[in-house]
Amino acid sequence: MKDLLEDRDAWSVANCSVARTLEIVGNRTALLVMREAFFGTRRFDDFASRVGVGEPALAARLKDLTAVGILERVPYQEPGSRTRFAYQLTEKGRDFLPVIVALRQWGDAWAADEQGPPVVVRHKNCGAPVRAVPCCADGHDVPIEETFVEAGPGLIRVGPDSP
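None of the values given here were measured: they were computed from a predicted structure.

J.: Tell me about the side chain of Asp-3, residues and numbers included.
T.: In this fold, Asp-3 is placed in the segment before β1 (11–12). A polar contact is formed between the side chain of Asp-3 and the backbone nitrogen of Leu-5, at a distance of 3.0 Å. At a separation of 3.1 Å, a polar atom in the side chain of Asp-3 contacts the main-chain amide nitrogen of Val-149. If we ignore the near neighbours within four places in the chain, the residues touching Asp-3 are Thr-147, Phe-148 and Val-149.

Take a look at the structure:
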């Protein structure tokens, strides 16, 4: 089992999945919209007040997140009012939950003020705090020193031995 990191100069990150993800959700407003969507926020005005950004910036982020399939617009109508749209997470959006959990967990540990974290998300069945932990597909917790990197199908090789 050869660790790809042993020959770091032999491959490129030109098609990096982390970079691609940041292109989609890599700004403060997009991440806060995602946080609010996971907290159940659905309506534009609620996003605006809870995220704390201007309407043009929020409209742009909601449009972006909808365009990439993370959120979807669903119509609703209050009695006597015109049809409006709410936003809800798609399957692709719900798959982003571990990222939000990891960001909150890191922030609780390293960026919270002296009073501690403002909210704690707990598992409904047992009451334990929800946390993001790297684990393998077999369910083992995996500390960083027990990982290795291998070539995936999209790896771009560089240098004299590249195709």
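Continuing now.
J.: Explain the packing of aromatic side chains residue by residue, including any values.
T.: Within this structure, the stated rule accounts for one aromatic pair. With a centroid separation of 6.4 Å and an interplanar angle of 75°, the aromatic rings of Phe-47 and Tyr-87 are classed as edge-to-face. Linking Phe-47 in helix α3 (residues 44–51) with Tyr-87 in strand β3 (residues 84–89), this pair joins segments that are 40 residues apart in sequence. For the pair formed by Phe-47 and Tyr-87, the shared burial category is buried. The ring of Trp-11 is capped by Arg-8, whose NZ or CZ atom sits 3.9 Å from the centre of that ring. When the ring centre of Phe-85 is taken as reference, the NZ or CZ atom of Arg-73 above it lies at 3.8 Å.

J.: Account for helix α4 (residues 55–67), naming residues and giving values.
T.: Helix length check: α4, at 13 residues, gives a terminal C-alpha distance of 18 Å against a target of 18 Å (1.5 Å per residue), a fit within 8%. All of the buried residues along α4 are Leu-58, Arg-61, Leu-62 and Leu-65. Buried residues of α4, viewed axially, fall in a sector of 100°; they line one side. Exposed side chains of α4 directed beyond 90 degrees from the buried face belong to Pro-56, Lys-63 and Ala-67. For α4, the elements touching its buried residues are α1 (17–25), α2 (28–38), α3, β2 (71–76) and β3. Directly beyond the C-terminal end of α4, a positive phi value near 85° is found at Gly-69.

Criteria and thresholds
- Residues numbered from 1 in each chain as written.
- Predicted model: local features only at pLDDT ≥ 70, side-chain atom pairs only at ≥ 80, totals over all residues.
- Heavy atoms only, no water.
- Helix = DSSP H or I, 4+ residues; strand = E, 2+ residues; numbered from the N terminus.
- Polar contact = N/O pair within 3.5 Å; in protein donor to acceptor, adjacent residues only side chain to side chain.
- Contact = heavy atoms within 4.5 Å.
- Phe/Tyr/Trp six-rings, centres within 6.5 Å; stacked < 30°, edge-to-face > 60°.
- Buried < 20%, exposed > 50% of the residue type's maximum accessible area, 1.4 Å probe, protein only.
- Lys NZ or Arg CZ within 6 Å of the ring centre and 35° of its normal.
- Expected span 1.5 Å × (residues − 1).
- Arc of directions from axis to C-beta.

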